[in-house]
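Survey of secondary and tertiary structure
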Amino acid sequence: MATVQVSEAEKVYILHGIRDDLRVDGRGCEDYRHMEIETDVVSNTDGSAKVTLGHTAVLVGIKAEIGKPRPTVPNEGYLEFFVDCSANATPEFEGRGGEGLGTELSNTLYKVFNNKHSVDLKSLSICAGEHCWVLYVDVLLLQCDGNLYDAISVAIKAALFNTKIPRVHISTDEEGGKEIELSDDPYDCMRLNVENVPCIVTLCKVGHRHVVDATLQEKACSVASLIISVTHKGTVTCTRKVGGGSLDPESIFEMTEAGKRVGKALHAPLMKLLQQEERLGKKKQKVGFLG
Amino acid sequence: MPVDTKRVRGPEVSQSPSLFLGRPVAVLPSSGPRADGRQRDQVDVRPVFVRCGLVSQAKGSAYIEAGNTKLMCCVYGPRETERKDETDMKCGRLTTDMRFAPFSCPERGSWIQGSQDKDFSLMLHESLQPAVCLHKYPRSQIEVNVMVLENSGSVLAHAITCASLALADAGIEMYDLVLGCSIRQDGASYVVDPSYMEENYSSSASSENQGGLTVAFLPSLNQISGLQSDGEMTEEILTAGVRTCIEGCYKLYPVIQQALAKAVRKAAPPPSES
């Protein structure tokens, strides 16, 4: 992750502030920064979303392709994640510098979605054992100001909501081979149910308290963080401790509980906002990348 | 997907014969005793065999066997580091690498590190880093290499234990040993230290609370240095699972301490006659 150098005096200042539930920018310990979400920003994709969380900007594009299902689960489609840390974000990511971070983020995303309920994979199957939809979820980091996991998970949820998979018809020709036909109508498409898609909450341990949505300065003062991915029902799909420090079991329990609370509360306003944006339809003002 | 151009690996589209099994894979029962006779819902870890000092070339090494899971770890260092970063001036660097032999899992893996291997290496690094006194080794690099010879479940937890034992055998200063324990939640019951079958083929009886959890723990300091879970669990089950893993680590602690003491005694020169 891009790091900033923080002096000892600044660290003490941040630590004391968090101890009194007051962060440098005036937020409480469990408040998020200003978040902006826009879907359907890239027209060549089947679904896309851009999320700006404070100064962190993330762009997700989803492309649906027809592929062969995995041999162990022939009647399901699957998702492939790839996170690219663009050199735009920080010069540390130039060349192969961002690969480590990118692999770490992709692996966590695989774990988050590695369960039966997040995305209905059976609906992605076209012909059991032969054809299925493969959703390639590509994440691009445009700007890096801390809290990448949260921004990425919100962007993926918004992009999946926005994804329009074209409907296919299977027809058998004379020799018995199967032919796939895409429907001619560009609006005849299948939408995904994103109710159960989890959102990731990152909690950083700073001093004796934990903070949600840490900026880079706060991250530099913390030794360890806990990433927890929560669905709208409150089930936890993935947890992971990151960072080079150790945590007390009691703080882990506290942080899990806080993470679950914050994560659960994130889903309802997000879905409402996405549905509102969808309803605007053609009247939606496109803000794009310069807003 | 990186392609290996140096080795001839046989036809590109070879598949494991287990995919062509006529009958479906046996679904494990979610109640009753486990396949190897251990109890469910109890902290019943597999008996563990550990030895230090296997590899003569390495500074420190350890081998662990738990049931059929076999892995070995070698530690090299502290060595002078090639990259001269400002961060290296104040404290040392720990590099970890965890690899699976291609024959270790029921399905053949590849020699090139896939993303899962890199993920395990990262988890290992995060679990070991809090325990090693890196500030005592400025401008140095300590390399930890784990090789999994046979994967019969709970591989990350045992790798963490093996790696911390190898670090202790190498004489690297540490705050405490790091022990790993993992648990598999299957509906309302859990199994500690799951075997490969228990990890991957869960019973589809209940669709809730299916998941796995691995915890790395420092027993004398009572600190958790690594935590990873996947699958779907409620928060209460997760918290209970973490407590169970901590108990499992405490059960393992005396065995590891004994193995380490034995290795040190063997390596120490015999007491002089006078």
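Computed from a predicted model, the values in this text were never measured in an experiment. (Residues numbered from 1 in each chain as written. Chains lettered and ligands numbered in written order. Predicted model: local features only at pLDDT ≥ 70, side-chain atom pairs only at ≥ 80, totals over all residues. Heavy atoms only, no water.)

Side note on the overall build of chain B
The following threshold applies: Strands are runs of DSSP state E lasting at least two residues, helices are runs of H or I lasting at least four, and both sets are numbered from the N terminus onward. Categorising residues by exposure relies on relative accessible area from a 1.4 Å probe, with only protein chains included: less than 20% of the type maximum marks a residue as buried, more than 50% marks it as exposed, and the intermediate range marks it as partly exposed. Contact criterion: two residues are considered in contact whenever any of their non-hydrogen atoms come within 4.5 Å of each other. Using a 1.4 Å probe, accessible areas were evaluated by the Shrake-Rupley method; residue-level cover was limited to the displayed protein chains.
In terms of regular secondary structure, chain B is built from five helices and nine strands. Listed by position from the N terminus, the elements making up chain B come as β-β-β-α-β-α-β-α-β-β-α-β-β-α. Across the 274 residues in chain B, those meeting the buried criterion constitute 50%. By sequence separation, contacts in chain B at least 24 residues apart represent 69% of the contacts at least 6 residues apart. Approximately 13,800 Å² of chain B is accessible, and the part contributed by carbon and sulfur atoms is 55%.

Notes on the overall build of chain A
Applied cut-off: Our radius of gyration looks at C-alpha atoms and nothing else; its globule reference is 2.2 Å times the residue count to the power 0.38. The sign given to each residue is positive for Lys and Arg and negative for Asp and Glu; His and the chain ends receive no count. Every charge is mapped onto a representative atom, which is NZ of Lys, CZ of Arg, CG of Asp or CD of Glu.
Scanning chain A from N- to C-terminus turns up five helices and 14 strands. Relative to the compact-globule value of 19 Å for 291 residues, chain A shows a C-alpha radius of gyration of 21 Å, a close match. Principal-axis analysis of the C-alpha atoms gives chain A an extent of 80 × 40 × 40 Å. Within the span of chain A, comprising 291 residues, buried residues form 52% of the whole. A separation threshold of at least 6 residues defines the contact pool for chain A, and within that pool the share at least 24 residues apart is 70%. Split by element, the accessible area of chain A, about 13,800 Å² in all, is 51% carbon and sulfur. For chain A, the separation between the mean place of its 33 positive charges and that of its 41 negative charges on side chains is 5 Å.

Some thoughts on the nonpolar core
To be explicit about the condition: In this description, a nonpolar core means a group of buried Ala, Val, Leu, Ile, Met, Phe, Trp, Tyr and Cys residues linked to one another through side-chain atoms lying within 4.5 Å.
Ile156(A) and Leu160(A) are the most contacted members of the largest nonpolar core, which has 128 residues in total. Setting aside chain neighbours within four positions, we find Leu160(A) in contact with Ile62(A), Phe113(A), Val119(A), Leu135(A), Leu192(A), Val194(A) and Val197(A).

What about the environment of Asn68(B)?
Residue and element names in this part refer to chain B. Its place among the elements puts Asn-68 in the loop between strand 2 (60–66) and strand 3 (69–80). Residue Asn-68 is classed as partly exposed on the basis of its relative accessible area of 43%. Sequence spacing of Asn-68 and Arg-46 is 22 residues, and the spatial spacing of their C-alpha atoms is 9.6 Å. Setting aside residues up to four positions removed in sequence, Asn-68 forms contacts with Arg-46, Glu-150 and Ser-152.

Details of the interface of chain B and chain A
Note on interface size: it is often stated as the accessible area lost on association of the parts. Threshold: Accessible area, probed at 1.4 Å, shrinks when two parts are joined; the buried area is that loss added up over both. Salt bridges are defined by distance alone: a side-chain nitrogen of Lys or Arg within 4 Å of a carboxyl oxygen of Asp or Glu. Strands qualify as paired when DSSP identifies two bridges or more between them.
Contacts between the two partners involve 32 residues from chain B, matched on the other side by 32 residues from chain A. Roughly 2,900 Å² is buried in total at the junction of chain B and chain A, and carbon and sulfur atoms are behind 53% of that figure. In terms of surface lost to chain A, no three residues of chain B exceed Leu227(B), Glu232(B) and Glu235(B), which account for 21% of the buried area on that side. Put simply, chain B and chain A have three salt bridges between them. For Lys260(A), the salt bridge is made with Glu235(B), and the minimal N-O distance between the two is 3.8 Å. Contributions of two or more residues to the side of chain B that touches chain A are made by helix 2 (115–128), strand 9 (223–232) and helix 5 (235–267) of chain B. Bridge count between strand 14 (residues 236–242) of chain A and strand 9 of chain B: two bridges; the pairing is antiparallel. Looking at the pairing, Arg240(A) lines up with Gln228(B) of strand 9 of chain B.

Observations regarding the sheet that holds strand 1 (residues 48–52) of chain B
All names here are of chain B. Spelled out, the test is: Lines fitted to the C-alpha atoms define the axes, with helices restricted to the stretch that makes contact. Angles between their N-to-C directions range from 0 to 180 degrees.
What the five strands build is an open sheet, ordered 1-2-3-5-4; its pairing is mixed. The strands lining the two open edges of the sheet, one partner per strand, are strand 1 and strand 4 (93–100). Strand-to-strand twist of the sheet, defined as the mean angle between neighbouring strand axes without regard to direction, takes the value 15°. Looking at chain direction, strand 3 and strand 5 (residues 140–150) are connected through nine bridges and run antiparallel. Residue Leu-71 lies in a different strand from strand 5, and its bridge partner there is Val-148. Seen against the sheet, helix 2 touches strand 4 and strand 5 and runs at an angle of roughly 140° to strand 4.

Let's talk about the UniProt feature "domain: Exoribonuclease phosphorolytic" (unreviewed entry) in chain A
Going by this rule: UniProt positions are given in the numbering used here, feature names are shortened, and annotations may be inferred rather than shown by experiment.
Residues annotated in UniProt with the feature "domain: Exoribonuclease phosphorolytic" (unreviewed entry) correspond here to residues 32–166 and 196–261 of chain A. Helix makes up 29% of residues 196–261 of chain A and strand 39%. Its end C-alpha atoms lie 16 Å apart.

With respect to the side chain of Ser164(B)
Residues and elements named next belong to chain B. Within the fold, Ser-164 resides in helix 3 (residues 155–169). Among the residues examined, Ser-164 registers a relative accessible area of 0% and is labelled buried. Ignoring any residue separated from it by four or fewer positions in sequence, one finds Ser-164 in contact with Leu-128, Met-174, Leu-177 and Val-178.

Description of the sheet that holds strand 8 (residues 210–218) of chain B
If you trace the eight strands from one edge of the open sheet to the other, you get 12(A)-11(A)-13(A)-14(A)-9(B)-8(B)-6(B)-7(B), paired in antiparallel fashion. Looking along the sheet, the strands with just one partner apiece sit at the ends: strand 12 (209–212) of chain A together with strand 7 (189–192) of chain B. When strand polarity is set aside, the average angle formed by the axes of neighbouring strands in this sheet is 20°. Direction of pairing for strand 11 (residues 199–206) of chain A relative to strand 13 (residues 224–230) of chain A: antiparallel, over a ladder of seven bridges. Its bridge partner lying in strand 13 of chain A, Cys199(A) is registered against Val230(A). Against the sheet, helix 2 (residues 99–112) of chain A touches strand 11, strand 13 and strand 14 of chain A together with strand 9 of chain B, its axis set at about 150° to strand 14 of chain A.

Considerations on the pattern of salt bridges
Residue and element names in this part refer to chain A. Considering all chains together, one arrives at 20 salt bridges over all chains under this definition. Measuring nitrogen to oxygen at the nearest pair gives 3.0 Å for the salt bridge that ties Asp-213 to Arg-33. Of this pair, Asp-213 sits in the loop between strand 12 and helix 4 (216–221) while Arg-33 is found in the loop between helix 1 (8–19) and strand 1 (35–39), placing the two residues 180 residues apart along the sequence. Accessibility classification places Asp-213 together with Arg-33 in one group, the buried group.

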